[in-house]
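# Tertiary structure, described
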Amino acid sequence: MDELKALTGRNLLEPGDFSEAEMDALFDLADRIQQAPERYAGAARGRVLAALFFEPSTRTRLSFETAMLRLGGQTVGFSEAQSSSAAKGESIADTVRTVGCYSDITVIRHPKEGSCRVAAMHSDVPVVNAGDGGHHHPTQTLTDLLTIRREKGRIDRLRVGLCGDLKFGRTVHSLIKALSVHEGIEFVLISPEELRAPAYVIRMIEAGGCVCTETRSMSDVIGSLDILYMTRVQKERFFNEEDYIRLKDSYILDGQKMGQAQEGMIVMHPLPRVNEIASEVDADPRAVYFKQARNGMYVRMALIMGLLGIGEPEALDRQMQEARG
Ligand code: NCD
């Protein structure tokens, strides 16, 4: 419980901002919420979450908004830069400072790397990075780690394949950063030459003392994996349409490839998928990407409670009774 209290008023900008114990406490809370959501239905009553999305999103924005609504709080925000004052030339610093006058917590997605850190420097309320360019996406990582914990029963001693756009995929960068500090993780990075993970990401793996192999071939490695994390080629980060078209279908996971995988391997994907997983794979019990999306909502509920310093509902009831005398 003390770990949760320690999150009060903090920002989440990158994985690594929270300790392992703090993340475990969030995952435990997410489990408790999922088991008895009605107990938490009024936990954030009277609080407001602002969702500032300068870049398109379905899951992240809607799961944050639903998370807040399911806790009894309210949400405001915008889902494209054109409908905000950014279109008039306002800086992100001024936008967050203003929005912090109205809300208790601000969630930001922005196409520029580092923008959420700048925002946090100017915000009086907690800031959550919901994706900054090709850099980080820490709440997707919370979603991913919770899914791994639930599906595999542990977050260590795993052989994890990450496949697709490892260059621009921020979910991959964040997940690697978070997993590298766990014991016995072996990374298998599967990508075309042009979409290899950046050097700083490889250095994070080495700094964590983890093993890493790079390959172009999914078929060569799929049989050895505990987890296969598929990603879409990030069209919006390409400078040139021809390169995108050439690379977009580099990997397609289908039923035949799943036949080469272990019985216990799980397939994850942050979604949206484009072509990289054939829809026939959805019916395979090893495909957990829709469960993963659901987990994302529960872990965001836990995160909102943590950052807003909201305790367990019994404690809330007690406080209110004491206040009434
Ligand atoms: C990811 C993102 O925005 O980085 N989506 C998400 O948040 N679930 C992955 C992607 O867009 O490919």
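Just so we're clear, the structure is a prediction, and the values are computed from it rather than from any experiment.

## Comments concerning the site of the ligand
Taken together, the residues surrounding the ligand are Arg59, Thr60, Arg109, His137, Gln140, Arg170, Thr171, Arg232, Gln234, Pro270, Leu271 and Pro272. Contacts to the ligand include Thr60, whose side-chain N or O atom sits 2.8 Å from an oxygen atom. Here the ligand loses 94% of its free accessible area of 310 Å² to cover by the protein chains. Elements with a minimum of two residues in the shell around the ligand: helix H3 (59–70) and helix H7 (170–179). Tallied by class, residues from the shell around the ligand come to 3 nonpolar, 5 polar and 4 charged. Taken together, domain 1 (2–135 + 295–324) and domain 2 (138–292) each give at least three residues to the shell around the ligand, which thus spans both.

## Topic: helix H12 (residues 289–307)
For H12, spanning 19 residues, the distance from its first C-alpha to its last is 26 Å, which sits close to the expected 27 Å at 1.5 Å a residue. Of all 19 residues in H12, 15 are buried; the element is thus mostly enclosed. Following H12 by one or two positions, Gly309 has its phi on the positive side, about 65°.

## Remarks on unusual backbone geometry
Along the chain, Leu271 connects to Pro272 via a cis peptide bond; the corresponding omega equals 5°. In this structure, Pro272 sits in the loop between strand S9 (266–268) and H12. One non-glycine residue, Arg157, adopts positive backbone phi at about 45°. You can see Arg157 is positioned in the loop between helix H6 (138–152) and strand S5 (158–163). Arg157 gets classed as exposed once you look at its relative accessible area, which sits at 52%.

## Some remarks on the pairing of S5
Counting buried positions along S5 yields 5 of 6 residues, so the element is predominantly enclosed. Here 6 bridges tie S5 to strand S6 (residues 185–190), and the two strands are oriented parallel to one another. When the sheet's bridge partners are listed, Arg159 is paired in S6 with Glu186. Of the crossover connections in this fold, the one passing from S5 over H7 to the parallel S6 is right-handed. Direction of pairing for S5 relative to strand S8 (residues 227–230): parallel, over a ladder of 4 bridges. Bridge pairing links Gly161 to Leu228 in S8.

## Details of the pattern of salt bridges
Considering all chains together, one arrives at 23 salt bridges under this definition. Note that Arg32 and Glu312 form a salt bridge whose closest N and O atoms lie 2.9 Å from each other. Residue Arg32 is located in helix H2 (residues 20–35), and its partner Glu312 is located in the loop between H12 and helix H13 (313–324); the two are separated by 280 residues in the primary sequence. In this structure Glu312 comes out as buried when scored by relative accessible area, which is 13%. Note that Arg170 is salt-bridged to Glu55, the shortest N-O span being 3.2 Å. Here Arg170, found in helix H7, pairs with Glu55, found in the loop between strand S1 (48–53) and H3; they are 115 residues apart in sequence, far enough to count as distant. Comparing Arg170 with Glu55, the two get one shared label, buried. Taken together, the shared-partner salt bridges in this structure form one network comprising Asp28, Asp31, Arg149 and Arg150.

Reading the values: the criteria
- Each chain has its residues counted from 1, following the order in which its sequence is written.
- For a predicted model such as this one, the threshold for reporting local features is a pLDDT of at least 70, and the threshold for listing and counting side-chain atom pairs is 80 or more; totals across whole chains, interfaces and linings nevertheless cover every residue.
- By convention in this description, side-chain values take in all heavy atoms of the structure and omit both hydrogens and water.
- To be near a molecule or strand, a residue needs just one of its heavy atoms within 4 Å of it.
- N or O atoms closer than or at 3.5 Å make up a polar contact, with two conditions inside protein: a donor-capable atom paired with an acceptor-capable one, and, for residues adjacent in sequence, both atoms drawn from side chains.
- Note on areas: Shrake-Rupley with a 1.4 Å probe; residue coverage comes only from the protein chains shown.
- Numbering of helices and strands runs from the N terminus, with a helix taken as a DSSP run of H or I at least four residues long and a strand as a DSSP run of E at least two residues long.
- Amino acids outside the nonpolar list (Ala, Val, Leu, Ile, Met, Phe, Trp, Tyr, Cys, Pro) and the charged list (Asp, Glu, Lys, Arg) are all regarded as polar, and Gly is one of them.
- Bear in mind that the domain bounds are from an automatic or database domain assignment.
- Every helix has an expected span of 1.5 Å times one less than the residues it contains.
- Each residue gets one of three labels from its accessible area relative to the maximum for its type: buried under 20%, exposed over 50%, partly exposed in between, using a 1.4 Å probe on protein chains only.
- Strands pair, by our definition, only if DSSP identifies at least two bridges between them.
- The handedness rule is simple: strands pointing away from the viewer, and a clockwise path from the first strand over the helix to the second, make the crossover right-handed.
- Salt bridge criterion: a side-chain nitrogen from Lys or Arg within 4 Å of a carboxyl oxygen from Asp or Glu.

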